[in-house]
Every structure is written in structure tokens, then in C-alpha cells.
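Listed below are the residues making up each chain.
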Amino acid sequence: MRAKEHSAEWVLLLAVLVIATCGLIYELVAGTLASYLLGDSVMQFSTIIGVYLFSMGVGSFLSKYLSGNLLHWFIRIELLVGAVGGFSAAILFLVFPLAASFQVILYSLVGLTGILVGLEIPLLMRILEHKVEFKELVSRVFTFDYIGALLASLIFPLILVPRLGLIRTSLFFGILNIGVGFYLLYFFSAELKKAGLLRVTAVVLLLLELVAFVLSENILRYSETMAYNDQIVYAKSSTYQRIVLTRNKREMRLFLNGNLQFSSADEYRYHEALVHPALSSIDNPKRVLVLGGGDGLAVRELLRYASVEKITLVDLDPEMTRLFRSQSILLKLNGNSLLNPKVKVINSDAFIWLRNNTETFDAVVVDFPDPSGFSIGKLYSTLFYNYLKPALKENGVAVIQSTSPYVAPNSFWCVDETLKSVGFFTKPYHNYVPSFGEWGYIIAVRKNKESWFQHLPSSLRYLNATTLQQMFVFPDDMKAKIKLQPNKLNNQALVHYFEEEWGKFLD
Amino acid sequence: MKRRTFIKLSIAAGSAAAIGLSCKGKRRVKGSVKGASSSIGHLLREQILGEPVSFIKKEVVIVGSGISGLSAARQLHRKGLKDFLMLELEEYAGGNAASGHNEISSFPLGAHYVPIPNPGLQDYLDFLKEEDVITSFDGNGLPVYNEAYLCFDPEERLFINGHWQDGLVPSFGVPETDLKQIAGFLSKMQQFRLEKGSDGKDAFAIPVNNSSTDIQYRKLDEITMKQWMEINGFTSTYLQWYVNYCTRDDFGTCYHECSAWAGIHYFAGRKGVASNATYSDVLTWPEGNGFLVSKLEKAVQQNILTGSLVIGVELKEEKVVVKYLDVAKKEVRAVIAEHCILCVPQFVAARLLKDKNRVEIIKQKFRYTPWMVVNIVTPTLEERSGEVMSWDNVIYNSQSLGYVNATHQLLQQQVPRKNLTYYLPLTSKDPSSARKEASEITHDEWVQLLINDLKIVHPDIEDKMEEVNITLWGHAMAQPLPGMIHGGLRNQLSESIAGKIHFAHTDLAGISIFEEGFYQGINAANKIINYAASV
Ligand SMILES: Cc1cc2nc3c(=O)[nH]c(=O)nc-3n(C[C@H](O)[C@H](O)[C@H](O)COP(=O)(O)OP(=O)(O)OC[C@H]3O[C@@H](n4cnc5c(N)ncnc54)[C@H](O)[C@@H]3O)c2cc1C
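The rules behind these values
- Residues numbered from 1 in each chain as written.
- Chains lettered and ligands numbered in written order.
- Predicted model: local features only at pLDDT ≥ 70, side-chain atom pairs only at ≥ 80, totals over all residues.
- Contact = placed C-beta atoms within 7 Å.
- Helix = DSSP H or I, 4+ residues; strand = E, 2+ residues; numbered from the N terminus.
- Nonpolar A, V, L, I, M, F, W, Y, C, P; charged D, E, K, R; others polar.
- Near = placed C-beta within 6 Å.
- Domains from an automatic or database assignment.
- Core = buried A, V, L, I, M, F, W, Y, C linked by C-beta atoms within 7 Å.
- Buried ≥ 20, exposed ≤ 12 C-beta atoms within 10 Å, placed from the backbone.
- Pairing = 2+ DSSP bridges.
- Axes fitted to C-alpha atoms, helices over the stretch in contact; angles between N-to-C directions.

A.B. asks: Looking at this structure, how should I read the interface of chain A and chain B?
C.D. replies: The extent of an interface is frequently quoted as the accessible surface area lost upon association of the parts. Taken together, the contact pairs 18 residues of chain A with 14 residues of chain B. Looking at the side of chain A that touches chain B, the elements with two or more residues in it are helix 11 (350-356), helix 12 (374-377) and helix 13 (382-388) of chain A. Looking at the side of chain A that touches chain B residue by residue, the classes come out as eight nonpolar, six polar and four charged.

So, in C-alpha cells, the structure goes:
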């Protein structure tokens with residue numbers, strides 16, 4: 001009997017070690033995830049550690065209200081920690097698109113885990129209080145607690161994150177938690193009466209987490225994680241495309257169907273160049289149309305013009321515009337542009353919308369993905385530009401993002417050729433965007449203009465009168481090598497040029 | 001028993017066995033089989049219908065609202081003759097060019113495209129201009145086609161030697177000697193395309209009746225396409241497959257049965273010129289030629305009486321009496337008219353006229369291929385290597401002609417679900433047995449046939465397809481057998497009767513294409529207009 005008492009004590013102390021490790025791991029997972037997803041890691045880590053420690057305090061305080069079979073309680077809590085903590089990373093990834101409520105869920109999870117872990121140490125001490133001398137008890141429990149903490153803080157960055165990733169790390173420790181609970185159930189079966197339900201719960205939870213663990217590995221194998229160097233903070237397949245946000249220490253990147261759309265580090269170079277040469281050439285632009293550009297970054301630039309009264313943004317994917325209207329970190333990036341009352345967001349197919357449109361605009365910003373396939377190639381066709389023409393006022397200015405004139409000169413100049421073939425006058429230009437390389441844009445007007453760039457906003461980070469002039473100079477290596485066909489729906493010339501040029505580049 | 005034999009003949013023996021095995025326990029695919037109201041048509045033969053319950057008077061009655069009938073109606077209307085009635089047995093106009101639609105898009109039930117019109121077809125060009133298919137004429141007077149209607153790129157692909165190649169002329173994995181023959185054949189066709197006869201007319205024109213009657217071309221109508229190819233040393237199996245594909249595609253006739261003149265016409269008839277297209281380009285719409293039907297029909301809609309099966313046409317006291325069955329009410333009615341245009345196939349026209357001699361001639365000389373057209377609703381399918389899904393997708397050595405993607409001409413970015421229209425001319429046996437057997441095949445069996453053909457290129461088609469609707473065209477088109485083009489029979493049958501009963505149908509034109517129907521209708525209408533003017 002004495003031996004059994006003795007080993008029971010050690011089993012419980014080992015449980016402390018596991019619990020402490022698990023608790024800290026959950027906290028680290030939450031902190032890391034929050035800084036991946038929300039940025040500002042110092043802020044995230046310190047608030048999460050704060051909330052976690054405070055909740056542990058709350059848990060300790062609450063422990064005095066627990067009475068009856070304490071061992072029973074202990075195991076119950078053990079299972080709960082395993083469930084909440086184990087699924088925490090998966091839950092956080094899943095709810096990230098829920099936008100505003102993300103933080104609420106994050107801190108609730110951290111708080112809950114904290115409370116549960118906080119309950120456990122006092123409970124354990126009460127269970128053991130008559131079995132071990134007090135000074136011994138305190139010393140042993142806390143020793144194991146702190147050893148667990150050290151263990152966690154070492155294996156987390158060194159082994160777990162690189163090997164398992166966040167979702168599986170938290171699931172792994174969830175399984176460990178539940179495993180401990182299960183073992184305790186077995187070990188103390190004599191003292192635990194009516195533990196049937198508890199046992200079933202333990203088995204079900206264990207199975208659930210095991211399945212999630214195995215599946216997450218499976219999903220991982222097929223997922224694009226491999227394709228991106230950075231941590232994926234958001235990934236979702238909308239009806240229209242695969243939206244992936246990644247982040248590393250420096251920047252945040254948006255990929256649509258695997259193609260980089262922008263990097264937060266240098267997107268201002270792209271968006272300033274896209275918007276300002278056109279807009280600064282219009283006296284008092286009032287109505288602006290943006291086609292594509294659901295990230296709201298071009299709109300952010302447009303809102304610098306005080307005369308602008310209404311911006312109509314037509315983007316196919318409601319998921320995109322929702323993301324950029326609700327996610328705090330993305331809102332920071334686009335300066336809440338899509339929430340501005342001047343901005344009207346329409347989720348519709350640009351081609352169909354434009355065909356039915358009767359409104360005219362002072363400026364049109366066309367910001368579609370590159371013409372990498374026949375579908376998107378339609379949005380660069382003569383027919384599309386024919387529909388664009390009546391949407392632009394006589395004196396209006398349109399600008400079209402037109403891929404890289406360095407990598408794909410034929411493609412770039414094909415867009416120019418296409419615009420000219422339907423009667424636009426064009427002004428092609430380019431600038432350097434580090435994450436894209438040398439990038440090209442084309443201004444298109446219905447009748448030739450005399451004065452250009454009269455109203456450039458001050459306080460831009462990239463554009464000024466000098467850089468602006470340079471953009472219109474094309475060195476020889478950015479000129480077309482062959483006679484180009486305009487891009488029509490029945491030849492898709494652009495898509496053919498594009499495939500050839502980018503194909504070669506990426507080989 | 002018969003069904004079994006039919007299926008076995010339609011597909012390779014191996015896959016037929018697979019049908020037998022796989023018919024059981026498979027999920028049922030939604031959809032139905034519809035015939036071009038053959039059950040109503042059969043009433044015609046039985047003739048147990050009573051006497052008319054009502055008589056009305058009209059200047060002109062047009063029987064049949066296919067392209068020929070609609071074009072005749074449009075012409076009468078344009079020329080100010082508005083007192084006419086068009087009787088159509090189906091619930092909708094269009095005949096072989098009818099279309100359907102669902103929540104995804106419209107789709108053709110039969111005819112699905114027209115090539116760029118040949119120059120000089122003024123009425124046709126005018127019609128296309130009116131309907132904004134031609135948006136303008138450029139500085140050289142060349143038509144500018146609406147780019148929403150020119151077939152988008154990628155237009156055609158062929159699955160051959162395990163790979164989707166661009167275009168339908170076999171090239172991927174084809175041996176050098178075959179490639180040479182194919183090139184030689186195509187350049188010969190190009191030569192025919194530009195040739196003129198001793199009478200100064202194009203050797204191969206559209207409409208066919210505008211072609212030269214120079215004997216050196218006329219005699220091509222005396223042999224089959226296969227014979228012509230053999231005489232000229234075109235023996236490559238790849239080339240022969242291609243030519244056979246083409247004659248089946250346009251005429252529902254295998255190359256060993258098709259007149260060489262018609263076969264060559266397929267390659268040499270098109271001479272369209274345009275500001276923004278070439279003779280090999282085509283115009284198409286999600287609903288196929290249903291688009292042209294809706295345009296032809298626009299001004300004359302109130303003159304069309306659908307659900308009206310014409311059962312007899314006779315001359316009585318200088319008038320034409322047209323009797324028809326109101327299909328819904330099961331009542332016979334009559335129209336008394338000055339003129340009638342029969343815009344129905346000749347085997348129907350002969351019966352309506354109750355002319356035994358005519359019935360007999362047609363029975364002997366006209367053969368009508370049955371066709372099966374299938375509209376498939378499916379999400380994006382698994383693809384084999386090579387070209388991406390195109391407008392026209394053909395499988396080398398398949399019994400079918402492949403499928404056309406009806407959603408290809410949609411402008412929007414995302415079309416997650418598609419309507420694919422699959423074409424199968426039933427040419428593996430003589431038309432009347434093929435017709436009979438086809439009418440006995442169940443929906444499930446058709447679906448299985450389709451799966452066995454398409455799973456080669458889309459392995460997941462069986463699991464993915466959501467709906468399969470089958471249209472059976474029992475007498476889809478008259479075959480241009482040798483002698484049909486230049487044998488004189490067509491002219492004989494096209495003669496008006498007593499200056500009162502006129503004929504217009506593509507089977508009188510020799511080949512079944514839109515332009516022929518369009519001009520058949522106009523010419524018949526003009527006869528009436530000229531007659532009215534001369535009285
Ligand atoms: C599957 C298929 C695909 C084709 N694809 C093409 C293509 O891509 N391009 C092309 O140019 N051509 C195509 N064709 C050829 C097509 O037949 C012609 O282009 C054209 O549509 C024929 O028109 P029509 O008026 O001469 O004949 P039909 O279309 O045969 O018209 C006859 C009409 O008469 C009606 N009718 C028959 N009997 C009676 C009666 N007793 N009483 C009342 N009404 C009656 C019928 O219902 C029908 O509406 C295709 C044909 C088929 C079958």
C-alpha cells in the first residue's frame with residue numbers, strides 16, 4: 001500500500017511536468033500565431049503572456065470553489081486543457097478570416113487555457129496535501145512546474161515549430177494532455193467511481209485529435225505550404241481563386257492562385273506608379289472606376305485626391321474585398337480605404353459589368369492579374385477595351401497594369417498595341433518594384449492630351465517630378481522583338497506571348 | 001436483344017462488354033431522351049384523323065419553322081407580304097437549329113456554328129449587319145465581325161496519341177510520310193478553293209447551286225470521297241480518319257459513301273473575307289445557331305403557330321388547302337391560302353402532298369442520317385496533357401465527333417460548371433436500322449456509351465457529370481450521296497407545283513448548312529413575291 005501511495009505521488013508530479021509543458025506550449029503557439037497573423041510580435045507576445053499569466057491567477061483563485069472528488073476534477077480539467085489547447089492553433093487558423101472577432105477568440109482561448117492550467121497546480125497540491133509533508137510538496141510541485149516550462153521553451157523553437165508546424169504542435173500537446181488524463185483514469189481507477197463517462201470522453205477526444213493530427217499532415221502534404229517560403233497566415237479557396245497571405249519578419253505577401261499580387265514592403269511603389277501618373281493628369285477628378293484591385297491599395301492612393309467624390313470598385317471575388325475590408329492588419333495596409341464612404345464595392349465580373357455599364361468616369365484604373373491564361377486574357381482584349389472606351393469621359397484617363405516589360409516585352413507592348421488598335425492614345429511607362437522586378441503600366445486616353453502630371457500629390461514615398469519623368473524612358477532591352485498582333489478574343493495573342501516569355505523566364 | 005447488338009456495333013467490342021458489366025449498380029444520371037417529336041410525326045403515317053373543325057384564309061402558309069421556313073417568313077415580311085401563317089409541329093421554332101438553356105448558359109440542340117460568310121452573299125451579309133454580327137465595314141468594304149461572336153481562342157483540339165494537340169488536323173505523333181500526305185491533301189483543297197470553272201463560276205460555291213457546272217467538277221459527284229482519295233494517292237490512315245471525320249461532321253455521311261464533290265466542298269467551299277477574320281474562322285454563340293433563329297424569328301413571331309402538325313397539302317380550285325392537327329387540342333383545322341411553302345424535309349413533303357410517285361422517288365434516293373446530340377452538365381473535369389479545353393474537342397478514332405463547350409463564348413472569368421454538347425451521327429449502319437435501334441436505347445445505356453467514349457479524355461466524367469439530356473434527330477440530314485449534287489433530282493423536286501406550292505429545305509440544297517437554308521427560304525419567298533407582282 002505504501003509503495004502504491006509513493007508511486008501515485010510520482011505519477012501526479014509527472015503529470016505536473018506535462019501540464020506545465022503543455023500550458024506553456026499553448027501560450028507560445030498563441031503568441032507565435034498572433035504575431036504571424038497580426039504582426040507586431042513584441043506586442044503580441046507581451047499581451048498574450050500577460051493574459052495567460054493573469055488567467056492562471058484567475059484559475060488559482062477559482063480552485064477553492066472546487067470540492068468533492070478532487071482527482072475527478074483534476075482529470076476533467078486535464079481533458080479540457082487537452083481539448084482547448086490541442087485544437088487552439090487549428091481554431092485560430094480557421095477563424096482568422098472571421099476578421100474582427102479574431103482577437104476576441106484569440107484572447108478567449110488564451111484566457112481559457114490559462115484558467116484551466118491555473119486550476120491544476122492548486123488542485124494537485126490539495127490532492128497531495130495529506131500524503132506529503134507541506135514543504136516537500138511545495139518544493140516538488142514547483143520544481144516540476146518550472147522544469148516543464150524550461151523544456152517547453154527549448155523544444156518549441158528548436159524542434160516543434162520547424163518539424164511539426166503550429167497546428168500539429170498544439171495537437172500533439174493536446175494528445176499528450178489527454179493521454180495523461182487517460183493514464184490517471186487508469187492508474188486511479190480504484191479511487192475513481194463512476195468514471196465511465198470521463199473515460200469515454202477521453203477516448204473520443206483522443207481519437208479526434210489523432211485524426212486531426214494525421215489529417216493535418218495529409219493536408220500539409222498537398223497544401224501549398226511547400227510552395228511558399230514564409231509562414232502562411234491565411235489561406236482560403238473562394239469560389240473564384242485561392243487566396244493566400246504569407247508573412248515573414250519584414251513583409252506580408254498576397255498570392256492569388258499562387259501568383260504574387262503584392263508585398264507589403266514595396267507595394268507603395270507599384271500602387272503609386274499605377275495611380276498617380278494618370279490621376280495627376282486630370283483636373284479635379286470626381287468619379288473613378290477601379291477594375292480588379294480588391295485589395296483596396298489603389299483606392300488608398302486615389303483617396304489622396306480631395307476632389308474625388310466617388311470610387312466604384314468592381315472586383316469579382318467577394319472574399320477578397322471582405323478580407324480587405326475587415327482584417328485589421330490589411331486595413332492598416334490599405335488605410336481603411338474600402339470602408340471609406342466614397343467607395344462603392346461591386347462584386348461582379350468586370351467584363352459583364354462593363355458591358356452593361358452606362359456611367360462615365362474621369363479615370364479608370366485597370367488592375368487585373370497578369371494574362372496567364374485564356375480566361376484572364378479576355379480582360380485584355382480589343383472587345384474589353386471597346387467596352388472600356390465609353391466608360392471613360394472624353395478627357396478621362398485610364399491606366400492598365402501590363403506585366404513586366406523587362407521579362408515579357410512582347411506581352412507588354414501587345415497590350416499597348418491592343419489599346420491603340422481600338423483607338424486609344426497610349427503612354428507606356430515602367431518602374432522598379434523589388435518584389436516584382438521591373439514593372440509596366442500603360443496610360444490610355446481617348447484624345448491626346450497636352451498637359452500631364454500637373455497635380456501630383458505631395459508626400460508620396462516613391463513618386464516625385466523626377467522619378468515620374470524617368471518612368472517614361474524605355475531602354476532597348478524592354479522593347480518588343482517582333483511585330484505584334486493586337487490581343488483579340490479569337491486569337492488570344494497576348495496569352496501566347498505571355499506563356500512563351502514568362503515560361504522561358506521561370507524555366 | 002436488338003439494343004445490345006446496336007451498342008455492340010456502336011462501340012468497340014471490348015468496351016461493349018464493359019457496359020454490360022458496369023450497367024449494374026451505377027448511379028443514375030439525371031436527364032432524358034427526347035426525339036424530334038417522332039411520335040407526333042408518326043401520326044402523319046397513320047392518317048386516322050378526322051375532318052377539319054375550322055377553316056381560315058391566309059395569303060401564304062409556310063410549313064415548318066427551321067432555318068428555311070424562318071428565312072422565307074422573314075423575306076415575305078420584309079417585302080411587305082404580312083398575311084401569312086407558319087405552322088410548326090414542335091413547341092418552338094428552329095428545327096435543327098433549336099437551342100435550350102439552363103442556369104449556366106444556353107446550348108445548342110443541333111446546329112452550332114456558321115463559318116464567315118462568302119463574299120457576294122448580299123442578303124446574308126445584310127442580315128448579319130442588321131443583327132450586329134457584322135458591326136461595320138472597313139475602308140476596303142470588308143465586314144468587321146463582332147468579336148463577341150467570332151469563336152474565341154482556343155478553338156479546336158484533338159486528342160491523339162495520348163495527348164491533346166492544337167487544331168483538328170492530325171499532327172501529334174504522326175509519322176513524316178503521313179504528314180506529307182496531309183499537307184499535300186490540304187494544298188490540293190486550297191487549290192480547289194480558288195478554282196473557277198469554264199463558266200466563270202466558283203468550282204465550289206455556297207449556296208451549292210451557285211457552283212460551276214463545268215464537267216471536270218461535276219464528275220466528282222459520280223464517285224465517293226474515298227474513291228477520289230484513293231485515285232489521288234491519299235492513303236494515309238491519319239488523313240483518311242480526318243476526312244471521314246469532316247464528312248461525318250458536316251453531312252452525317254462517311255467518306256466512303258459521301259459524294260467526292262460534297263467532300264471537297266467541305267474544304268473548298270468557304271471563301272469568306274473580313275477585316276478581322278479569315279475564311280477558316282467561325283461565328284458561334286452559346287446557343288449555337290439558336291442565336292440566328294432568334295434573329296430570324298424576331299419580326300415574324302406573331303405569325304408562327306407552334307404545336308401544329310401539318311397533315312395534308314392539296315390544290316383545290318386554284319387554292320392551296322393546308323390541313324393541320326392542333327396537337328394540344330387534337331383537332332384538325334384547315335388554312336386556305338394562295339400559296340404554300342413546304343419548308344420540311346422531302347420525305348415529309350411527299351407524304352403531305354400524298355403523291356405516291358414522289359414518295360417512291362424519295363424513298364429510293366434520299367437517305368437521312370439519324371443523329372444523337374447530348375447536352376452534358378458538368379463541373380470542371382480532369383484533363384489529359386496538352387491543350388486546355390477548347391470550343392471544339394475531338395477524340396481521334398472515336399465514334400463520336402467529340403463535344404463543343406457551349407460556355408466557351410461566355411465573357412465572364414469564371415465558369416465553374418459547363419454545358420458540353422456531344423455529337424454522334426449514327427453512321428455505323430444503314431440509316432433506317434440505326435434509327436430504329438436508337439429509338440429503343442434507354443437513357444442509362446446512352447449515358448454509358450457516352451462515358452465509355454469520354455472517360456478516355458476525362459477519367460472522372462462518370463462521377464462528375466450532373467445531367468445528361470439526349471436529343472435524337474431521327475432524320476437529321478439528307479446525305480450527299482454520289483449523284484445528289486449534280487444528278488438533277490434536286491432541281492426536279494424543287495420545281496413549284498402549279499405555281500402555288502413551293503419548296504424550301506436544306507435537303508434540296510444538297511448539303512445541310514445554314515446558308516443553304518437561308519437562301520432556300522429567300523428564293524421560295526421571292527417566287528411568291530414575283531408572282532404577286534406579275535398578277
Ligand atoms: C445535329 C445537327 C448539327 C448541325 N450542325 C450544323 C452547324 O453547325 N452549322 C450548320 O450550318 N448547319 C448544321 N446543321 C444543319 C442544319 O440542318 C441546317 O443548318 C438548318 O438548320 C436546316 O434548316 P431547315 O429549315 O432546312 O430544316 P429543319 O431544321 O429540318 O426544319 C424543318 C422544320 O419543319 C418542322 N416540321 C417537319 N414536319 C412538319 C409537319 N408535318 N408539320 C409542321 N412542321 C413540320 C420541323 O419540326 C422543323 O422545325 C446541323 C444539323 C444537325 C441535325
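A.B. asks: How should the site of the ligand be read in this particular structure?
C.D. replies: All names here are of chain B. Taken together, 38 residues form the shell around the ligand, and within it Gly 64, Gly 66, Gly 95, Asn 96 and Ala 111 come nearest. Elements with a contribution of two residues or more to the shell around the ligand: helix 4 (67-78), strand 6 (113-115), strand 13 (308-316), strand 16 (368-379), strand 20 (467-478) and helix 19 (514-534). When grouped by side-chain class, the residues that make up the shell around the ligand number 22 nonpolar, 14 polar and two charged. Structurally, the shell around the ligand is a two-domain feature, drawing no fewer than three residues from each of domain 1 (2-30 + 368-478) and domain 2 (50-99 + 289-365 + 481-534).

A.B. asks: Sorry if this is basic, but what is going on with the nonpolar core here?
C.D. replies: Across soluble globular proteins, nonpolar side chains have a tendency to be buried as a group. In terms of nonpolar packing, the biggest core is built from 235 residues, with Val 399 of chain A together with Val 61, Val 63 and Leu 342 of chain B touching the most fellow members. Excluding residues that lie within four positions of it along the chain, Val 399 of chain A makes contacts with Leu 274, Pro 277, Ala 278, Val 365, Val 366, Tyr 441, Ile 442 and Ile 443 of chain A. Listed in part, the 65 residues of the second largest apolar core include Val 51, Ile 77, Leu 119 and Ala 212 of chain A.

A.B. asks: Can you walk me through the sheet that holds strand 3 (residues 252-256) of chain A in this structure?
C.D. replies: Note on sheets: strands pair through backbone hydrogen bonds, and any given pair is parallel or antiparallel. Residues and elements named next belong to chain A. As summarised here, the arrangement of the four strands in space is 1-2-3-4, forming an open sheet in which the pairing is antiparallel. Both edges of this open sheet fall to strand 1 (231-237) and strand 4 (259-263), since each of them pairs with a single strand only. Direction aside, the axes of adjacent strands within the sheet are offset by 20° on average. Bridge count between strand 3 and strand 4: four bridges; the pairing is antiparallel. Considered in strand 4, the bridge of Arg 253 is made with Ser 263.

A.B. asks: What should I look at first to understand the pairing of strand 7 (residues 343-346) of chain A in this one?
C.D. replies: Along any regular strand, the residues point their side chains to alternate faces of the sheet. Residues and elements named next belong to chain A. Residue alternation in strand 7 divides its side chains into a buried set, Val 343 and Val 345, and an unburied set, Lys 344 and Ile 346. Summarising the sheet, strand 6 (residues 310-314) and strand 7 pair through four bridges and their orientation is parallel. Opposite Leu 313, over in strand 7, you have Val 345 as the bridge partner.

A.B. asks: I would appreciate a short explanation of the domain arrangement of chain A in the present structure.
C.D. replies: What the domain assignment lists for chain A is domain 1 (2-222), domain 2 (227-259) and domain 3 (265-506). If you average the C-alpha positions of domain 1 of chain A and of domain 3 of chain A, the two centres end up 51 Å apart.

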